Amino acid sequence: LRLLLGRVGDEDPTLGFDSPEQLLQFLRTRVATESNIVSATELMTDAMRATTDDGRKRIALTRQGAGLASGFSQAMEIRFGKEAASGATKGALFGAGYAKLANATVIDKTDERAVLVWPQLPGQDRNLSMIAADGRWYLDADDIDPIERASMIQAPRVIAAMQDLTDRLRNGEFNSPEELLK
């Protein structure tokens, strides 16, 4: 249930950190090393603070997407075996980019804000704002860049398509992992 609902109201996240560096260390040692997409996503979103509807929606969609990726992986394992499921899970984790957090750094630090930056694709970095609130540091779920905002608009369709694909896989509609790509 927590996976689908995210946080309600202005409730603070479960985790807050003493400094941006402590938050970075958590991301490097816990999130980047987690092999389960749902667990990695819960850890990542637990470190977020959202005070706006868009920020809460961002957290909920992120968690819902991870849950669907996990369900898809489970369906792959049941239908085609552990190797196929392992490939699907690795693809989901790669898409989320959590392992790359091991190479993240903190830049532009002030008393109230900082920026987490890490390499996402060759020559392209990903940024995520950090914010201090009530003496604790969080990832700022309310700071949504235009590309992510566009993704959030498309997310309900992507989620519906992923659920449909998973349901069809569970119903035996595909005879091989390659057939899913068609």
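Use the structure listed above.
Reading guide: rules and limits
- Residues numbered from 1 in each chain as written.
- Predicted model: local features only at pLDDT ≥ 70, side-chain atom pairs only at ≥ 80, totals over all residues.
- Heavy atoms only, no water.
- Helix = DSSP H or I, 4+ residues; strand = E, 2+ residues; numbered from the N terminus.
- Buried < 20%, exposed > 50% of the residue type's maximum accessible area, 1.4 Å probe, protein only.
- Contact = heavy atoms within 4.5 Å.
- Areas by Shrake-Rupley, 256 points an atom, 1.4 Å probe, with all protein chains shown as cover.
- Axes fitted to C-alpha atoms, helices over the stretch in contact; angles between N-to-C directions.
- Parallel < 35°, antiparallel > 145°, perpendicular 65-115°, else oblique.
- Left-handed = near helix turned anticlockwise from the far one by under 90°.
- Nonpolar A, V, L, I, M, F, W, Y, C, P; charged D, E, K, R; others polar.
- Pairing = 2+ DSSP bridges.

Topic: the overall build of the protein chain
Argument step 1. The helix and strand inventory of the protein chain stands at seven helices and five strands.
Argument step 2. Reading the helices (α) and strands (β) of the protein chain from amino to carboxyl end gives α-α-α-β-α-α-β-β-β-β-α-α.
Argument step 3. Each of the 182 residues in the protein chain was classed as buried or not, and the buried ones make up 42%.
Argument step 4. Intrachain contacts of the protein chain at a sequence separation of at least 6 include 62% that bridge at least 24 residues.
Argument step 5. Of the roughly 10000 Å² that the protein chain leaves accessible, carbon and sulfur atoms contribute 53%.

Describing the packing of helix α4 (residues 53-80) against helix α6 (residues 146-170)
Argument step 1. With their axes 10 Å apart at the nearest point, α4 and α6 run at an angle of 25° to one another. On the basis of their axis angle, the class for α4 and α6 is roughly parallel. Read as a crossing pair, α4 and α6 show a hand that is left-handed.
Argument step 2. Tallied by class, residues from the contact of α4 with α6 come to 13 nonpolar, four polar and seven charged.

Re the pairing of strand β5 (residues 136-140)
A regular strand carries its side chains on alternate faces of the sheet.
Argument step 1. When you tally the buried positions in β5, you get four out of five residues, the bulk of the element.
Argument step 2. Two elements, strand β1 (residues 48-49) and β5, share two bridges in a ladder whose sense is parallel. Bridge pairing links Met 48 to Leu 139 in β5.
Argument step 3. In the sheet, strand β4 (residues 124-133) pairs with β5 via four bridges, with the strands oriented antiparallel. In the sheet register, Ile 131 faces β5, and the bridge partner there is Tyr 138.
Argument step 4. Adjacent in sequence and paired antiparallel, β4 and β5 are bridged by two residues, among which Asp 134 carries a positive phi angle near 55°.

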